[in-house]
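# Coordinate analysis (summary)
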Amino acid sequence: MVVKTIEGSGPVRILIIDDEPAMHDSYRQCFVTKNDGALDAMAADLFGDDDREPKAIDAAPDFALTHAMQGLDGVSEVERALAEGNPFAVAFIDIRMPPGIDGRETAKRIRAIDPDINLVIVTGYSDFSPIEIAKVAGPADKIFYIAKPFEVDEIVQTATALGKRWQIDLELAEARATLARQVVTLEDQGRELAANESKALHMATHDSLTEAPNRLAFLRALTERARGRERFATAMLDLDRFKLVNDTLGHLAGDEMIRSVYQLLNAAVPEGGMVARLGGDEFGILFPTPGEEAAVQACELMLRRMSVTLTLVGHSVQANASIGVVVVEAEPVRDPVDVMRQADLALNEAKRAGRGLVRAFDESMDDSIKFRRRIEGGLGEAIARGELKLVYQPIVGRDALDITGFEALLRWFSPEYGAISPAMFIPIAEESNLIHDLGDWVVETALVEVQNWPGQYVSINFSPRQFRRHNFVAHLVECVQRAGVSPERIQIEITETAIFDDADRAADTLYRLRQMGFRIALDDFGTGYSSLYNIRKFALDCLKIDRSFIDGMGRERESAAIVHSIIHLGRALGLGVIAEGVETDAQVQALRLAGATHLQGYFFSRPVDADAARAMAELGQLEGKDDPGDGPAVYQGNGTDG
């Protein structure tokens, strides 16, 4: 391997190729003259010789000469120099050197060996034009010409300049090579990062045992289909007597059975469908269907395809299952969680009817439907009766745990049914115009209360239907102006569903809200179907990580990976990140290390009533809570735990 040195401490190596001994003597005299002080004398004449501080001038380098009488000898010297790792910087070549090869051929061969050497053609004749020589020994910027007879200074200055240039060219080449290596390294790191991100995403959305889509992926697919314009079926499948297999043959046999059943189902699902493992021996299935009868037939076919005899750890086991199915119409948009609940109810009915069956959902299976209708009737009168109440949960900064805001949470205490969960009555209100009446009451009540705090903001949840209200922005502005509250003290919490149903309209709405000064938080981030590309165009202040991921951090790698990804995404986009549902000190420490900007949850305080929230706001920090390591500091006011 040929190694070229670029160290500048040694002399500049010069190769002289000429067939006349007298010319070699002339070259020797030139470079001896260089060292006898002539150049110093020239410098003294040019710059003067007085007592002033002398100007710094670059010293001419030392030269090491190698002489060759014929072109072939010069070519050999170049080969030897390269092999020794000590190449020539400059070669002076006579154009005529009989009886050997001429200077043109010599230059051509030398250039083929050493592309970096500078060639100086020395001649008193014009046998070849510079263009002819450049064609065979180029590039043109590495070929120079000196006519005989030459001057001493001409030779020395040419050698000095070309020696410097040779050194700089090699340093530049090394810098470029280093840069190229760094680029390759960065590209490798980029590919590795992309692969890791892809792997993390795959792990977050797939079951490790079967490689099937997991519950999160299934819920996202169900959400997407529920917003679509086509009828589809949602089925829940549960293996019959799976626990018996686990208990008698062991978990390895159970795992093998789960893998085999998934493969059979995946092969039998109708075209355009998907099969997901939801956990244990439960599978979720989505597929397009023209109607309920066709959906039931498709499920019965899947049952037959998977009802086979499996060989597990040397034992024959008959696979059987039950399926519950619900058909989802194109309109209206359905709550995915409610769809899964109805499919589960149908599955329970199939198991009660004798197992190995398919049952379609009907309303008679759901006692809650009647309850929901009663709830809807009572909700319309709840405001007038004074049954609604707002409670407030503090949002604290990651480091000092100072209270920066409160999330307003709606509660309903019915004389007939007691405390009714928002998860029950909010979807009911969303399906009717009651959501606007409830929303207006929440905004008005929160605007009154925020004026009692020294500086914290109040975070208010808005449903997708509220957000799509045609006068949403104007209505909010009118409310804050009437209350005399600055928009900066109002944070609007919306879900991914609200903005991604109509992304362009949502982007315009959020932009106008931000222009007015409102804060915007994207709630339950990670559970919807956000486009990481499109999310950049929305005017957001922060992302709120859904509590389900926080709860799963300590148990599931998938949840931890999602939490870290969301935090890194928020930081990359310049957004704050609020972690909801924080309940343990371990979660606090992990989230602080990961970079979450704010925390919220029972670890700090349960939701409290207005009086307790006012006291907490005045204090500014959680009472008796200087460091997360101190343990939970649930605020003990006169509030409710919600």
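Note that the structure is predicted; figures quoted are calculated from it, not measured.

### Overview of the overall build of the protein chain
A tally of regular secondary structure across the protein chain gives 22 helices and 21 strands. Burial analysis of the protein chain (642 residues in total) assigns 46% to the buried set. Across the protein chain, contacts joining residues at least 24 apart in sequence account for 71% of those joining residues at least 6 apart. Summed over all atoms, the accessible surface of the protein chain reaches about 31,500 Å², with 51% contributed by carbon and sulfur.

### Quick look at the nonpolar core
With 84 residues, the main nonpolar core has L510 and L591 as its most contacted residues. Looking at which element gives the most residues to this core, the answer is helix α14 (residues 434-450), with eight residues. Ignoring anything within four residues of it in the chain, the contact list for L510 reads F467, I494, I499, I520, F538, A539 and L540.

### Regarding the confidence of the model for the protein chain
Close reading of the predicted structure is inappropriate where its pLDDT is low. Mean pLDDT over the protein chain works out to 85, with 88% of the residues at or above the 70 mark. Here helix α2 (residues 38-47) stands out as the least confident element of the protein chain, with mean pLDDT 45; strand β16 (residues 457-461) is the most confident, with 97. The low-confidence segment residues 33-58, where pLDDT is below 50, has 18 contacts with residues more than four positions distant or belonging to other chains.

### Thoughts on the sheet that holds strand β12 (residues 358-360)
Read across the open sheet, the five strands follow the order β7-β8-β6-β11-β12; overall the sheet is mixed. Both edges of this open sheet fall to β7 (274-279) and β12, since each of them pairs with a single strand only. Across the sheet, the axes of successive neighbouring strands diverge by a mean angle of 20°, strand direction being ignored. Of the strand pairs in this sheet, strand β6 (residues 232-239) and strand β11 (residues 321-328) are connected by eight bridges, and their pairing is antiparallel. What sits directly across from A233, in β11, is V327. This element, helix α11 (residues 336-352), spans β6, β7, β8 (282-288), β11 and β12 of the sheet and lies at about 140° to β11.

### Quick notes on the environment of Y27
Its place among the elements puts Y27 in helix α1 (residues 21-35). Residue classification places Y27 among the buried positions, given a relative accessible area of 1%. Sequence-distant contacts of Y27, defined by excluding residues within four places in its chain, comprise I16, L65, F92, V122, F150 and I155.

### A few points about the sheet that holds strand β2 (residues 63-68)
Two orientations exist for strands paired in a sheet by backbone hydrogen bonds: parallel and antiparallel. Here we have five strands laid out as an open sheet, ordered β2-β1-β3-β4-β5, and parallel in their pairing. Each edge of the open sheet is held by one strand with a lone partner, namely β2 and β5 (143-147). Looking at each pair of strands side by side, their axes are set apart by 20° on average, direction ignored. Alignment of strand β1 (residues 12-17) against strand β3 (residues 90-94), held across four bridges, turns out to be parallel. Bridge pairing in β3 places I16 opposite F92. The strands that helix α4 (residues 103-113) touches are β1, β3, β4 (118-123) and β5; relative to β3, the one it contacts most, it runs at about 155°.

### Brief notes about the side chain of H436
By the secondary structure assignment, H436 is in helix α14. Those residues in contact with H436, other than ones at most four positions away along the chain, are R465, Q466 and R469.

### A look at the packing of helix α9 (residues 251-268) against helix α10 (residues 292-306)
Where α9 meets α10, the axes come as close as 9 Å, and the angle between the chain directions of the two elements is 140°. With respect to α10, the axis of α9 lies oblique. As for how α9 packs across α10, the hand of that crossing is right-handed. Contact with α9, carried on its side by V261, L264, L265 and A268, involves M302, R305 and M306 of α10 and no other residues of that element. Taken together, the residues of the contact of α9 with α10 break down into six nonpolar, no polar and one charged.

### Considering the environment of I566
By secondary structure assignment, the location of I566 is in helix α20 (residues 557-572). For the pair I566 and I545, spaced 21 residues apart in sequence, the C-alpha separation works out to 7.4 Å.

### Notes on the packing of aromatic side chains
In total, this model carries nine aromatic pairs according to the counting rule given. One aromatic cluster is present, formed by Y27, F92 and F150 through successive ring pairs.

### Re helix α21 (residues 585-594)
For α21, the complete set of buried residues consists of Q587, V588, L591, R592 and A594. Seen from one end, α21 has its buried residues packed into an arc of 160°, which puts them on one side. Exposed residues on α21 whose side chains face more than 90 degrees from its buried face are A586 and L593. Looking at the packing, one finds that the buried side of α21 touches α19 (547-552), α20, β20 (576-579) and β21 (598-599).

### Examining the pattern of salt bridges
According to the stated counting rule, one finds 31 salt bridges in the structure shown. A salt bridge links D207 to R277; its shortest N-O distance comes to 3.1 Å. On the criterion of sequence distance, the pair formed by D207 in the loop between α6 (152-205) and α7 (215-226) and R277 in strand β7 is long-range, its members being 70 residues apart. Comparing D207 with R277, the two get one shared label, buried.

### A look at the pairing of β8
Residues in a regular strand point their side chains to alternate faces of the sheet. Most of β8 is tucked away: six of the seven residues are buried. Bridging between β6 and β8 involves seven bridges; their strand directions are antiparallel. Residue L237 lies in a different strand from β8, and its bridge partner there is F283. Taken together, the five bridges between β7 and β8 define a ladder with antiparallel strand orientation. Across the sheet, the residue bridging to A276 is G284, located in β8.

### As for unusual backbone geometry
Most of the time, phi is negative for any residue but glycine, and the peptide bond is trans. The amide bond that connects P98 to the next residue, P99, takes the cis arrangement and shows omega of 5°. On the secondary structure map, P99 appears in the loop between β3 and α4. A cis geometry characterises the amide bond from K148 onward to P149, with omega recorded as -10°. Position of P149 relative to the elements: it lies in the loop between β5 and α6.

Rules of the game
- Residues numbered from 1 in each chain as written.
- Predicted model: local features only at pLDDT ≥ 70, side-chain atom pairs only at ≥ 80, totals over all residues.
- Heavy atoms only, no water.
- Helix = DSSP H or I, 4+ residues; strand = E, 2+ residues; numbered from the N terminus.
- Buried < 20%, exposed > 50% of the residue type's maximum accessible area, 1.4 Å probe, protein only.
- Contact = heavy atoms within 4.5 Å.
- Areas by Shrake-Rupley, 256 points an atom, 1.4 Å probe, with all protein chains shown as cover.
- Core = buried A, V, L, I, M, F, W, Y, C linked by side-chain atoms within 4.5 Å.
- pLDDT = per-residue confidence, 0-100.
- Pairing = 2+ DSSP bridges.
- Axes fitted to C-alpha atoms, helices over the stretch in contact; angles between N-to-C directions.
- Parallel < 35°, antiparallel > 145°, perpendicular 65-115°, else oblique.
- Left-handed = near helix turned anticlockwise from the far one by under 90°.
- Nonpolar A, V, L, I, M, F, W, Y, C, P; charged D, E, K, R; others polar.
- Phe/Tyr/Trp six-rings, centres within 6.5 Å; stacked < 30°, edge-to-face > 60°.
- Arc of directions from axis to C-beta.
- Salt bridge = Lys/Arg side-chain N within 4 Å of Asp/Glu carboxyl O.

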